[in-house]
Amino acid sequence: MNSKVFFGLYVPTNSILHRLDPRMKIIACFWYVVIVFLANNVLTNVLLGLFLLFLIWLSKVSLKMYWQGIKPLMWVILLTAAVQLFFSTGGQPIWQWHFLNITSLGIIQSIYLIFRFAFIITISTVLTVTTTTLQLAAGIESLLKPLSYLKVPVSQLAMMLSIALRFIPTIMDEIQTIMDAQRARGMDFSAGNLFQRAKRLVPVMIPLFVSSFKRADDLALAMEARGYQPGAPRTAYRQLRWHMNDNWAFLTYVVLTVALIVLRQI
Amino acid sequence: MAQPAVVFKKVAYTYNAQTAFSFKALQDISAEIEKGSLTAIIGHTGSGKSTLTKLVDGLLLPDHGSIQVGNFNLTHESGHDELLKLHREVGYVFQFPEKQLFSDTVLQDVEFGPLNLGKSAKEAKQMALVALDTIHLPADLYDHSPFELSGGQMRRVAIAGVLAMQPQILIMDEPTAGLDPQGQTEILELAHSLHEQGTTVILVSHQMDQVARYADTVLVLNHGQLVFTGTPRNLFSQLQLLKQAELEPPLATAFAQSMADQGWHFDHLPLTVTDLGNELVKQLQKEGQHE
């Protein structure tokens, strides 16, 4: 049960963002990631940041949840920023040592890079905390529908995706239980060097694989018993409906993009 | 009164504290579990039974209060090394313990615990053989893969994996779930014989018939609070309390209750079918004398 709270978990606060059409939210998330790369100065970055804060406020989910999303990736972000900082050229040189040098431009760019990472991670978190996995899968299926004319098995892919997403918490629970059981049998996960620690994963991974295969088998049987046929046309219990709010959300994005392009020129 | 094996002092535990998902699993639990007893912990789903037993084995640490287990005093500050030592004293059989099997052979799997305790290969093997003997597994299966066994055999091998560590306190979390009646009896008889050899057994159960038959003490949890401590006989005579905790009396007790409603009188409330049979024989003999 401990493991149930993790990065990007759906939080049911029923905010206005929760009620948006998942298709709108998926497009919005992608589009935001694209326009993050348009930001090239202070104003554009501030605009994107404020917009993100606005979304976070709308989502009624505490800032802490979002911070938990960024925290584990902090080292990757900082490392990338450091590479950018030491190896970029251009602008005024400030410090130099052999092949490493820091320039004024490098400092600015690495700061932008940190923001870019944080924005992208946070906007994806906004998507996943406000959208259930079933809605996500339904949205993706609907968006990929045109591909089915090219004989791409879209609904099967969506089914696979929704099953995979659905079982993440279950499997994390399972890992916790197996680790507890092995700890109760005297296993110490934290002692020893890297190799010894890796070896210690065996008593966790094998039971996990065994139960995952068994679960997959059971699930396949249950699906067949309920008449699931791959490729057969399926209807959905909850139809996706495009509401007025989705239009407003779309309009907001158009305005944001135009504002960004204008501010870029300054 | 015998020395207690486990003492809970004002224990509280909350899952996912300080998040949107925080859940108060246990609140203000104070209780004692006697050394050498067979104590049942019962309550409906989500009442905190498993949380309580995980606290005894230090798999979770209490947010408030403390738990005395043997020489260990567990609080939210207890350290890693202390907990490692605690696992030597306490054996924990999880729900569906066959899920923890992983080795190539049955024997290797049972040796895993003793080896973790730092025993030599020879000692570990000896301890594993003793444990496998306790669960009555045919010796020709020792070098088979645990995944080739039947469900009931896998369950018993997994239990042997815990017994091999020779714990003072044995926790069994719903050890009979999903087994056929014979498999259930085997496991419970095993728990009972360990109890008779002096091990403190803590049994988490949903089945009141098992509790009535085997336990000498019962703790009842309801929504994270301790609502009853005492003997099964005392518990099952309190219908109101059972109802509040969303529990059913054992079959024989329920049967006797409905007979009592029809005007029969029982000197002792029967808890098991044998009890009920004895009581009925007494009643019928009385009837015979009247006529």
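Worth saying up front: this structure is predicted, and the values here are computed from it rather than measured. (Residues numbered from 1 in each chain as written. Chains lettered and ligands numbered in written order. Predicted model: local features only at pLDDT ≥ 70, side-chain atom pairs only at ≥ 80, totals over all residues. Heavy atoms only, no water.)

## A look at the overall build of chain A
Then comes step 1: When you go through chain A residue by residue, the secondary structure sums to ten helices and two strands.
Then comes step 2: If you list the helices and strands of chain A from N to C, you get α-α-α-α-β-β-α-α-α-α-α-α.
Then comes step 3: At 23 Å, chain A has a C-alpha radius of gyration far larger than the 18 Å of a compact globule built from 266 residues.
Then comes step 4: Counting only C-alpha atoms, chain A reaches 65 × 60 × 40 Å along its principal axes.
Then comes step 5: Taken across its 266 residues, chain A has 35% of its residues classed as buried.
Then comes step 6: Considering only residue pairs separated by 6 or more positions, chain A has 71% of its internal contacts joining residues 24 or more positions apart.
Then comes step 7: Carbon and sulfur atoms form 70% of the exposed surface of chain A, whose accessible area is close to 16300 Å².
Then comes step 8: When the 23 basic and 10 acidic side-chain charges of chain A are each reduced to a single mean position, those positions are 8 Å apart. (Helix = DSSP H or I, 4+ residues; strand = E, 2+ residues; numbered from the N terminus. Rg over C-alpha atoms; globule rule 2.2 N^0.38 Å. Buried < 20%, exposed > 50% of the residue type's maximum accessible area, 1.4 Å probe, protein only. Contact = heavy atoms within 4.5 Å. Areas by Shrake-Rupley, 256 points an atom, 1.4 Å probe, with all protein chains shown as cover. Lys, Arg positive; Asp, Glu negative; His and termini not counted. Charge placed at Lys NZ, Arg CZ, Asp CG, Glu CD.)

## What about the nonpolar core?
All names here are of chain B.
Then comes step 1: Of all hydrophobic cores here, the largest spans 49 residues; its most connected members are V110, L132, M172 and L235.
Then comes step 2: When sequence neighbours within four positions are dropped, the list of residues in contact with L235 reads I42, V218, V220, F228, L241 and L242.
Then comes step 3: Membership of the second largest hydrophobic core comes to 34 residues, among which are A31, I33, V90 and L221. (Core = buried A, V, L, I, M, F, W, Y, C linked by side-chain atoms within 4.5 Å.)

## Comments concerning the UniProt feature "transmembrane region" (unreviewed entry) in chain A
Then comes step 1: If you check UniProt for "transmembrane region" (unreviewed entry), the listed places come out as residues 30-58, 70-87, 107-129 and 247-263 of chain A in our numbering.
Then comes step 2: Taken end to end, residues 30-58 of chain A is 83% helix and 0% strand, and its first and last C-alpha atoms sit 19 Å apart. (UniProt positions renumbered as here; feature names shortened; annotations may be inferred.)

## Here's the deal with the domain arrangement of chain A
Then comes step 1: Partitioning chain A into structural domains gives domain 1 (16-134 + 242-265) and domain 2 (154-226).
Then comes step 2: Here the C-alpha centroids of domain 1 of chain A and domain 2 of chain A sit 33 Å apart. (Domains from an automatic or database assignment.)

## Describing the domain arrangement of chain B
Reports of interface size often rely on the accessible area that becomes lost once the parts have come together.
Residues and elements named next belong to chain B.
Then comes step 1: Domain annotation for chain B reports domain 1 (4-246) and domain 2 (250-290).
Then comes step 2: Summarising the inter-unit geometry, the C-alpha centres of domain 1 and domain 2 are found 34 Å apart.
Then comes step 3: Domain 1 puts nine residues into the contact, and the matching count from domain 2 is ten residues.
Then comes step 4: Surface buried jointly by domain 1 and domain 2 totals about 730 Å² across both partners, of which 65% is contributed by carbon and sulfur atoms.
Then comes step 5: Looking at the side of domain 1 facing domain 2, the largest losses of area belong to D209, R233 and F236, adding up to 60% of the total buried there.
Then comes step 6: Joining domain 1 to domain 2, the criterion identifies one salt bridge.
Then comes step 7: Note that R233 is salt-bridged to D275, the shortest N-O span being 3.5 Å. (Buried area = accessible area lost by both parts, 1.4 Å probe. Salt bridge = Lys/Arg side-chain N within 4 Å of Asp/Glu carboxyl O.)

## What to know about the environment of K35(B)
Residues and elements named next belong to chain B.
Then comes step 1: Its place among the elements puts K35 in the loop between β2 (23-34) and β3 (38-42).
Then comes step 2: The spacing of K35 and T200 is 165 residues in sequence and 5.6 Å in space, taken between C-alpha atoms.
Then comes step 3: In this structure, K35 is in contact with Q3, P4, A5 and T200, ignoring residues within four places of it in sequence.

## Quick word on the pairing of strand β1 (residues 4-15) of chain B
Residue and element names in this part refer to chain B.
Then comes step 1: A large share of β1 lies buried, amounting to nine of its twelve residues.
Then comes step 2: Sheet topology note: the β1/β2 ladder contains eight bridges and is antiparallel. Bridge pairing in β2 places F8 opposite A31.
Then comes step 3: Bridge count for β1 against strand β4 (residues 64-69) is five bridges, and the pairing is antiparallel. By the bridge assignment for β4, V6 is matched with V69. (Pairing = 2+ DSSP bridges.)

## Points about helix α1 (residues 22-36) of chain A
All names here are of chain A.
Then comes step 1: Relative to the 21 Å expected for 15 residues at 1.5 Å per residue, α1 spans 21 Å between its end C-alpha atoms, a close match to the ideal helical length.
Then comes step 2: Those residues of α1 lying buried are P22, R23, M24, K25, I26, A28, C29, Y32, I35 and V36.
Then comes step 3: Capping of α1 at its N-terminal end is provided by D21; its side-chain oxygen lies 2.8 Å from the backbone amide nitrogen of R23. (Expected span 1.5 Å × (residues − 1). Polar contact = N/O pair within 3.5 Å; in protein donor to acceptor, adjacent residues only side chain to side chain.)

## Observations concerning the packing of α1(A) against helix α6 (residues 133-144) of chain A
For any two helices packed against each other, the geometry comes down to the angle between their axes and how far apart the axes lie.
Residue and element names in this part refer to chain A.
Then comes step 1: Taken N-terminus to C-terminus, the directions of α1 and α6 make an angle of 80°; their axes are 8 Å apart at the nearest point. On the basis of the axis angle, α1 is roughly perpendicular to α6. On α6, the residues touching P22, R23, I26 and I27 of α1 are Q135, L136, G139, I140, S142 and L143. (Axes fitted to C-alpha atoms, helices over the stretch in contact; angles between N-to-C directions. Parallel < 35°, antiparallel > 145°, perpendicular 65-115°, else oblique.)

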